[in-house]
Amino acid sequence: MKVVSARIAQVWWEIHVRRLLAVIAFCTCIWSPALADTFMGRTIQVTDGRQDLQKPAPLVLALHGFLGTGRNLRRKSRFDAVARSEGFIVVYPNGRARRWNDGRSPGNRVDDVAFLSSLIAALVARGQVDPARVFVTGHSNGGGMAMRMACDRPDLVRGISVVATKSALNYQCRGGPPVAALFVHGTADPISPHQGRGADSRLGGALSSRDTLSLWQGRNRCNGRPQMRVVDRVDDGTVAEVLHYSGCAAPLQAVVIKGHGHGWPGPAARKTLLEGPATREVDATRMTWSFFSGL
C-alpha cells in the first residue's frame, strides 16, 4: 500500500510540475523580447519593449502581406528597435495559409477578425497592454486586414497604418465610427497599383489610391483641405508627399511616394523585380509610430 501511495504521489507531482513548467514556458515566450510562441494554433512573435514591466503599454499588431510571415515583416520593418526605444509591445502574428481575410474574397471563411480580437483580449487580460492604446499596422494584404479591423472592431482599435494597399472593392466599409488612419502608397507599385485593380483581378479588385483616401476622408468626417509637405532629401528617384487632412473627427494622414513600388519603405527597402523600385526618403515604421504615439 505504501508503494502504491508513493507511486500515486510521484505521478501527481510529475503532472503538476509539467503543468507549471508549461505555464512558465508559455509566459516566457509571450513576454520575453523577440521570442515566438503559438496562439490559437498560429505562430506569433512578440517583442516587449517596456522599461517598466509593471505598467501596461501600447500594443502594435504588425500584419504581414500575402504569402508573407510575421518573421519576414519583422525583419524588413525593424519595428523591434522602435519598440525598445519607445517602450511599446509589438506582436507579429501569422495569417492562416500566410494570408489574411481582408474582405476582398467573399468565399474566404477564415475569421481573422475573431482571431485578432481574441489575441488583443488575451494580451490585455495579462495586464501588460493598455486597452485604450491598441494599434494595427500592415503591409499589403496585412494593410487590408488593418482596415478591416478598423471597420469591424473600432471599439478595439485606436488607429491603423496601411502600407502598400488600397481598399478592397468588396469591403469598402463606408459606415461606422471614425478611426485614425495613416496610408503609405507608392505610385510605381506593381502589385497594388496606384490606379487600383479591376474586379476581375486574381488579387481581388481594389480602389485607387485617390479613391481610398476619399473614402477615408468621408469615414473620418474630414471637411478641410489637406496640408502637404514634400520630402526629397535623397537622390534615389523618389519624392514623398506627406498629407495631413484637416477638420477630421479622427486623424487622417497619407504619404504618397512618387516612384516607389510595393516594398515597405525604410532603411531595409531595396529594389526588386517583384516589388519594383524602393524609396529611402521616408521610414514607414517610424512614421507609423509617430502617428500612433500622437493619438
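Residues numbered from 1 in each chain as written. Predicted model: local features only at pLDDT ≥ 70, side-chain atom pairs only at ≥ 80, totals over all residues. Heavy atoms only, no water.

K.L.:
Explain the pairing of strand E5 (residues 129-139) here, please?
P.N.:
Each regular strand shows side chains that alternate between the opposite faces of the sheet. Of the pairings in the sheet, the one linking strand E3 (residues 57-63) to E5 comprises six bridges and is parallel in character. When the sheet's bridge partners are listed, leucine 63 is paired in E5 with glycine 138. Pairing geometry for E5 and strand E6 (residues 159-163), over five bridges, is parallel. By the bridge assignment, glycine 138 is partnered in E6 with valine 162. Of the crossover connections in this fold, the one passing from E5 over helix H5 (residues 141-152) to the parallel E6 is right-handed. (Pairing = 2+ DSSP bridges. Helix = DSSP H or I, 4+ residues; strand = E, 2+ residues; numbered from the N terminus. Right-handed = clockwise from strand over helix to strand, strands pointing away.)

K.L.:
When you look at the pattern of salt bridges in this model, what are you seeing that I'm missing?
P.N.:
Pairing between side chains becomes possible if they bear opposite charge and their charged atoms approach one another. Applying the stated criterion to the full structure yields seven salt bridges. Across the salt bridge formed by aspartate 152 and arginine 148, the nearest N and O atoms sit 3.4 Å from each other. Within this pair, aspartate 152 and its partner arginine 148 are both found in helix H5, separated by four residues, close to a single helical turn. Look at aspartate 152 and you get partly exposed, because its relative accessible area is 29%. Since its relative accessible area comes to 17%, arginine 148 is described here as buried. (Salt bridge = Lys/Arg side-chain N within 4 Å of Asp/Glu carboxyl O. Buried < 20%, exposed > 50% of the residue type's maximum accessible area, 1.4 Å probe, protein only.)

K.L.:
Sorry if this is basic, but what is going on with empty space enclosed by the protein here?
P.N.:
A water-sized probe rolled over the atoms picks out the places where empty space is left. Enumeration according to the criterion identifies one cavity of 30 Å³ or more in this entry. Empty space within the largest cavity amounts to approximately 120 Å³. Around the largest cavity sit 16 residues that line it, and Asp102, Met147, Lys166, Ser167 and Ala168 are the ones nearest its centre. With four residues, H5 is the largest single contributor of residues to the lining of the largest cavity. Looking at side-chain class alone, the lining of the largest cavity contains six nonpolar, five polar and five charged residues. (1 Å grid on protein atoms, 1.4 Å probe; cavity = no way out; pocket = protein on both sides within 12 Å on 5 of 7 lines; lining within 4 Å. Points joined across faces, edges and corners; volume = space filled by probe spheres on them. Nonpolar A, V, L, I, M, F, W, Y, C, P; charged D, E, K, R; others polar.)

K.L.:
Looking at this structure, how should I read the layout of surface pockets?
P.N.:
Each pocket or cavity is described by its volume, and for the largest pocket that value is around 630 Å³. Lining the largest pocket are 29 residues, and of these Lys76, His139, His262, Leu274 and Glu275 lie nearest its centre. Ranked by residue count, the leading element in the lining of the largest pocket is helix H2 (residues 70-77), at three residues. Grouping the amino acids of the lining of the largest pocket by side-chain chemistry returns nine nonpolar, twelve polar and eight charged.

K.L.:
Which parts of the structure should I look at to understand the state of the cysteines?
P.N.:
Here the structure, examined in full by the defined rule, presents two disulfides. Note on cysteine connectivity: cysteine 151 is disulfide-linked to cysteine 173, with sulfurs 2.4 Å apart. Judged by the torsion about the S-S bond (-135 degrees), the cysteine 151/cysteine 173 disulfide is left-handed. Of the two residues, cysteine 151 is situated in helix H5 and cysteine 173 in the loop between E6 and strand E7 (180-186); the sequence distance between them amounts to 22 residues. Classification of cysteine 173 as partly exposed rests on a relative accessible area of 22%. Residue cysteine 222 pairs covalently with cysteine 248 via a disulfide, S to S 2.0 Å. Torsion about the S-S bond of the cysteine 222 and cysteine 248 cystine: about 115 degrees, corresponding to right-handed handedness. With a gap of 26 residues between them, cysteine 222 in the loop between helix H6 (209-219) and strand E8 (227-231) and cysteine 248 in the loop between strand E9 (239-244) and strand E10 (252-258) connect regions that are remote in the sequence. Judged by relative accessible area, which is 14%, cysteine 222 ranks as buried. Each disulfide of the protein chain joins two cysteines, and with those cysteines numbered along the sequence the arrangement is 1-2, 3-4. (Disulfide = S-S within 2.5 Å.)

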